[in-house]
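Next come the chains, spelled out residue by residue.
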Amino acid sequence: MKILVVYSSLTGNTEKVCRAAAEALPGCHIFSVDAAPPPHEYDLVIVGYWVDKGMPDKKAANYLRTVAQTPVALVGTLGAWPDSDHARECMTKGEALLEGRGNRVLGTFLCQGKVDPRVVEMMQKMSGSAHPMTEERKARLAEAAKHPDETDCENARAFVRGVRAQLAG
């Protein structure tokens, strides 16, 4: 089975999680989205992205739009709580980019990751914005800064092993 792991990473979070996932898939090919081969050459494509304004980042979104007639799994990182409604909506939006081209989404994985300091700085300057810098937000960002950790990486490995087994079974 030919497996491709493609990732887009701003702060290194998504790359770290995707590299951990690739460790669980001996013989897979892993590429940054900037150097990724066409997805149609693979039996399974795993696309990793960071969440930007509730969506897969632009580079990953563009790559997802090239995937057709392929089993796919999604791996995402974001600053929000990974079990939140917002996180689920983010993954649903990623899946939506694969619709209408005969793809089969085999699963999604999401974990927290540190937020780019430039984004945090911008949020702090935007008083009264839709995303005010509340104490709760500060606490969540502080927790996100600890991720992805080894538990997140092991969970990503387990996720892709399950995806591969699902496809092989």
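I will try to describe carefully the structure that is included in this document. Given the structure is predicted, the values throughout are model-derived calculations rather than measurements.

**Considering the overall build of the protein chain**
For step 1, the next point in the chain: Along its length, the protein chain carries 6 helices and 6 strands.
For step 2, the next point in the chain: For the protein chain, the succession of helices and strands along the chain, N to C, is β-α-β-β-β-α-β-α-β-α-α-α.
For step 3, the next point in the chain: For the C-alpha atoms alone, the extent of the protein chain along its principal axes is close to 50 × 30 × 30 Å.
For step 4, the next point in the chain: Per-residue burial for the protein chain yields a buried fraction of 47% across its 169 residues.
For step 5, the next point in the chain: Summing over all exposed atoms, the protein chain offers an accessible surface of approximately 8400 Å²; the carbon and sulfur share of this is 53%.
For step 6, the next point in the chain: Where the 21 positive side-chain charges of the protein chain centre and where its 21 negative ones centre are 3 Å apart.

**Some details on helix H5 (residues 135-144)**
Along an α-helix, residues three or four positions apart point the same way, because every turn accommodates 3.6 residues.
For step 1, the next point in the chain: Among the residues making up H5, those that are buried are Arg137, Arg140, Leu141 and Ala144. In an axial view of H5, the angular spread of the buried residues amounts to 100°, which keeps them on one side of the axis.

**Digging into the state of the cysteines**
For step 1, the next point in the chain: Following the criterion strictly, the structure yields 0 disulfides and no others.
For step 2, the next point in the chain: In this model Cys28 remains outside any disulfide bridge; the closest cysteine sulfur is found in Cys18, 9.9 Å from its own.
For step 3, the next point in the chain: The class for Cys28 is buried, based on a relative accessible area of 16%.

**Describing the packing of aromatic side chains**
For step 1, the next point in the chain: By the definition in use, this model includes 1 aromatic pair.
For step 2, the next point in the chain: When the ring centre of Tyr42 is taken as reference, the NZ or CZ atom of Lys2 above it lies at 4.8 Å.

**Side note on the nonpolar core**
One broad trend across soluble globular proteins is that nonpolar side chains are buried collectively.
For step 1, the next point in the chain: Core analysis: the largest hydrophobic core is formed by 23 residues, its most contacted members being Tyr63, Leu74 and Leu78.
For step 2, the next point in the chain: Among the elements of the structure, strand E1 (3-7), strand E3 (44-52), helix H2 (58-64), strand E5 (71-78) and helix H3 (85-96) are those that each provide at least two residues to this core.
For step 3, the next point in the chain: Within the second largest apolar cluster, 21 residues are counted, among which are Ala21, Ala24, Ala73 and Phe109.

**Quick word on the pattern of salt bridges**
For step 1, the next point in the chain: Counted according to the given criterion, the structure contains 11 salt bridges.
For step 2, the next point in the chain: Residues Asp52 and Lys53 are paired through a salt bridge, measuring 3.6 Å at the closest nitrogen-oxygen approach.
For step 3, the next point in the chain: We classify Asp52 as partly exposed; its relative accessible area is 28%.
For step 4, the next point in the chain: A relative accessible area of 75% means that Lys53 is categorised as exposed.
For step 5, the next point in the chain: One connected set of salt bridges, linked through shared partners, spans Glu23, Glu150, Glu154, Arg157 and Arg161.

**Details of the side chain of Asp116**
For step 1, the next point in the chain: Tracing the backbone shows Asp116 in the loop between strand E6 (104-112) and helix H4 (117-125).
For step 2, the next point in the chain: A distance of 2.6 Å separates polar atoms of two side chains, one belonging to Asp116 and the other to Arg118.
For step 3, the next point in the chain: Not counting residues within four places of it along the chain, the set of residues in contact with Asp116 comprises Leu10 and Thr11.

Scoring rules and cut-offs
- Residues numbered from 1 in each chain as written.
- Predicted model: local features only at pLDDT ≥ 70, side-chain atom pairs only at ≥ 80, totals over all residues.
- Heavy atoms only, no water.
- Helix = DSSP H or I, 4+ residues; strand = E, 2+ residues; numbered from the N terminus.
- Buried < 20%, exposed > 50% of the residue type's maximum accessible area, 1.4 Å probe, protein only.
- Areas by Shrake-Rupley, 256 points an atom, 1.4 Å probe, with all protein chains shown as cover.
- Lys, Arg positive; Asp, Glu negative; His and termini not counted.
- Charge placed at Lys NZ, Arg CZ, Asp CG, Glu CD.
- Arc of directions from axis to C-beta.
- Disulfide = S-S within 2.5 Å.
- Phe/Tyr/Trp six-rings, centres within 6.5 Å; stacked < 30°, edge-to-face > 60°.
- Lys NZ or Arg CZ within 6 Å of the ring centre and 35° of its normal.
- Core = buried A, V, L, I, M, F, W, Y, C linked by side-chain atoms within 4.5 Å.
- Salt bridge = Lys/Arg side-chain N within 4 Å of Asp/Glu carboxyl O.
- Polar contact = N/O pair within 3.5 Å; in protein donor to acceptor, adjacent residues only side chain to side chain.
- Contact = heavy atoms within 4.5 Å.

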